[in-house]
Amino acid sequence: MLPDHHSGQPRTTPHRVAVLGLDGVGTFEVALAVQVFASANDHAGAELYEVAVAGPAGPVVTRTGYATSYALLPDRPLAWAESAHTVVVPAVPGMFTPSPELTAALLRAHAAGARVVALCLGSFLVAGTGLLDGREATTHWHWAGQLAAERPQVRVHPGRLFVEDRGIFTSGGGTAALDLLLHLVELDHGSALTAEIARFMVAPLRRDADQAQHAGWAVPRRTPSLVDTLHWAEEHLGEELTVARLARHAGTSVRTFSRLSRDSLGIPPMEWLRRARVRYAKELLQRTDWTVDRVAAQCGFGSESALRYHFGKLTGVSPGQYRGRYGPARGKRPDITPQWTPRPR
């Protein structure tokens, strides 16, 4: 039986990640998955993950867009994925039904305890094995209706960035895959290491699973004023922040700023702020030995009880349980003075 990835206990061997390199696979998701898990090793200064591309013998032809392709040489056989702790199934444009070989490999891996992770259109392949029957899932919003029609046993959520249901993870398209991959690292090793990876990769503002996958057609997905203000807010989490103050910084009315937040993020601005403060608290709990009261003040919650309430509501555990589960950060700088550093833009 494979180790429980939720246990928080140190592994004696690296967590094995098999990224599937199938014929016709999209290059973006393959490269992204390898990059995120390899970056975790780099920033931790230890081999937390053994990550490799698994697939057929010999080179496979990738697909990028409609006309561009090049060869990819998997460095492990497909059978190697059956012994992995995590199996990542990238999008294979135009392939909506898994081959018998892929079906067998995924079913064996899942039966052995692996978490199965479908990125973008990879959800179709996982659904084709039957693993998503009776489960909730998502995929790229453009094809979500097709997935729901073809697989009525799957409860499809077209607007979600990513969905977890009993060890099966699915994501929307594009950067939603990045959101899910960072979430997996956070499940394994906590928020501090995840934040380092996101900042180093110059990732966009971190988003939670239930945030919107795309904005309405008539509304810009990211307006400069909104993004700049959210970065500014991340640098001032310890201060009193209201929607009115955020709107003033963005140069908009309160009503306009609230609308922009809902349209671009899928949540109200104060909900985004609450989540940002909890993420910051996670980092501080890992990187410092500060009391919960001091962490609460640094994050802008105002009181220890407020932090405990919001932290528990979002994470399902108490601050003390989180610190006990993930312990001191495994990053290269566990003793740095904590401060919220804005991601480079």
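Rules behind the numbers
Residue indices follow the written sequence of each chain, beginning from 1 at its first position. Totals for whole chains, interfaces and linings use all residues, but because this is a predicted model, local features are given only for residues with pLDDT of at least 70 and pairs of side-chain atoms are given and counted only at 80 or more. Hydrogen atoms and water are omitted, and side-chain values are computed over all heavy atoms in the structure. Relative accessibility under 20% of the residue-type maximum defines a buried residue, over 50% an exposed one, and the middle range a partly exposed one, all with a 1.4 Å probe and only protein chains included. Helix numbers and strand numbers start at the N terminus; a helix is a DSSP run of H or I with at least 4 residues, a strand a run of E with at least 2. Whether two strands pair comes down to DSSP finding at least two bridges between them. A side-chain nitrogen of Lys or Arg and a carboxyl oxygen of Asp or Glu constitute a salt bridge if their distance falls within 4 Å. Residues adjacent in sequence count toward polar contacts only when both atoms are side-chain atoms; beyond that, a polar contact is any pair of N or O atoms within 3.5 Å, and within protein one must be able to donate a hydrogen and the other to accept it. We call two residues in contact whenever any of their non-hydrogen atoms come within 4.5 Å of each other. Each nonpolar core is a collection of buried residues, namely Ala, Val, Leu, Ile, Met, Phe, Trp, Tyr and Cys, held together in the definition by side-chain atoms within 4.5 Å. Expected span, for any helix, means 1.5 Å times one less than how many residues it has. Note that the arc is defined by the directions from the helix axis to the C-beta atoms. Stacked, tilted and edge-to-face are the three classes applied to pairs of Phe, Tyr and Trp rings, where Trp contributes its six-membered ring and a pair requires centres within 6.5 Å; stacked means planes under 30 degrees apart, edge-to-face means over 60, and tilted covers the rest. A ring is considered to have a charge above it if a Lys NZ or an Arg CZ atom is located within 6 Å of its centre and within 35 degrees of its normal.

### Thoughts on the pairing of strand β11 (residues 168–171)
Side-chain alternation along β11 places Ile 168 and Thr 170 on one buried face and Phe 169 and Ser 171 on a second face that is also buried. Inspection of the sheet shows strand β7 (residues 115–118) paired to β11 by 3 bridges, in the parallel sense. Bridging from a neighbouring strand, Val 117 pairs with Phe 169 of β11. Inspection of the sheet shows strand β10 (residues 162–165) paired to β11 by 4 bridges, in the antiparallel sense. Looking at the pairing, Val 163 lines up with Thr 170 of β11. Taking the residues between adjacent antiparallel strands as the criterion, β10 and β11 are bridged by 2 residues, where Arg 166 takes a positive phi near 50 degrees.

### So, the pattern of salt bridges
In total, this model carries 14 salt bridges according to the counting rule given. It is possible to trace a salt-bridge network through shared partners that takes in Glu 136, Arg 155, Asp 165 and Arg 166.

### What about the side chain of Thr 86?
Relative to the assigned elements, Thr 86 resides in strand β6 (residues 86–89). The class for Thr 86 is buried, based on a relative accessible area of 0%. Side-chain polar atoms of Thr 86 contact the side chain of His 15, separated by 2.6 Å. Within the structure, Thr 86 has its side chain in polar contact with the side chain of Arg 115 (distance 2.6 Å). Discounting chain neighbours no more than four positions away, the residues touching Thr 86 are His 15, Arg 16, Val 17, Ala 18, Arg 115 and Val 117.

### Description of the nonpolar core
It is characteristic of soluble globular proteins that their nonpolar side chains tend to be buried jointly. Leu 20, Val 87, Leu 106 and Val 126 are the most contacted members of the largest nonpolar core, which totals 66 residues. Per-element tally for this core: the top contributor is helix α5 (residues 175–189), with 9 residues. With residues near it in sequence (within four places) discarded, Val 126 still touches Val 89, Leu 106, Val 116, Ala 118, Leu 131, Leu 132 and Ile 168. Among the nonpolar cores identified, the runner-up in size contains 34 residues, and Leu 273, Ala 306, Phe 311 and Tyr 322 belong to it.

### Some remarks on helix α2 (residues 100–111)
The first and last C-alpha atoms of α2 sit 16 Å apart over 12 residues, in line with the 16 Å expected at 1.5 Å per residue. What α2 keeps buried is the set Leu 102, Thr 103, Ala 105, Leu 106 and Ala 109. The arc that holds the buried residues of α2, viewed along the axis, is 165 degrees, so those residues lie on one side. Projecting away from the buried face of α2 at angles above 90 degrees are the exposed residues Pro 100, Glu 101 and Ala 111. In the stretch just after α2, Gly 113 is the one whose phi turns positive, near 110 degrees.

### Overview of unusual backbone geometry
Of note in this structure, Cys 120 is not a glycine but carries a positive phi near 60 degrees. Mapping Cys 120 onto the fold places it in the loop between β7 and α3 (122–128). Located in the positive-phi region is Arg 166, a residue other than glycine, with phi close to 50 degrees. Relative to the assigned elements, Arg 166 resides in the loop between β10 and β11. Look at Arg 166 and you get exposed, because its relative accessible area is 54%.

### Focus on the packing of aromatic side chains
The full count for this structure, using the stated rule, is 4 aromatic pairs. Look at Phe 96 and Phe 124: their rings are 4.6 Å apart centre to centre, the planes differ by 75 degrees, and that puts the pair in the edge-to-face class. Here Phe 96 is found in the loop between β6 and α2, whereas its partner Phe 124 is found in helix α3, with 28 residues between them in sequence. Here the aromatic cluster, defined as three or more aromatic residues joined through ring pairs, consists of Phe 311, Tyr 322 and Tyr 326. A cation over an aromatic ring shows up here: Arg 294 above the ring of Trp 290, its NZ or CZ 3.8 Å from the ring centre.

### Describing helix α11 (residues 292–299)
Among all positions of α11, only Val 292, Val 295, Ala 296 and Cys 299 are buried. For α11, the angular spread of buried residues about the axis comes to 100 degrees, placing them on one side. Positive phi appears at Gly 300, one or two residues downstream of α11, with a value of about 90 degrees.

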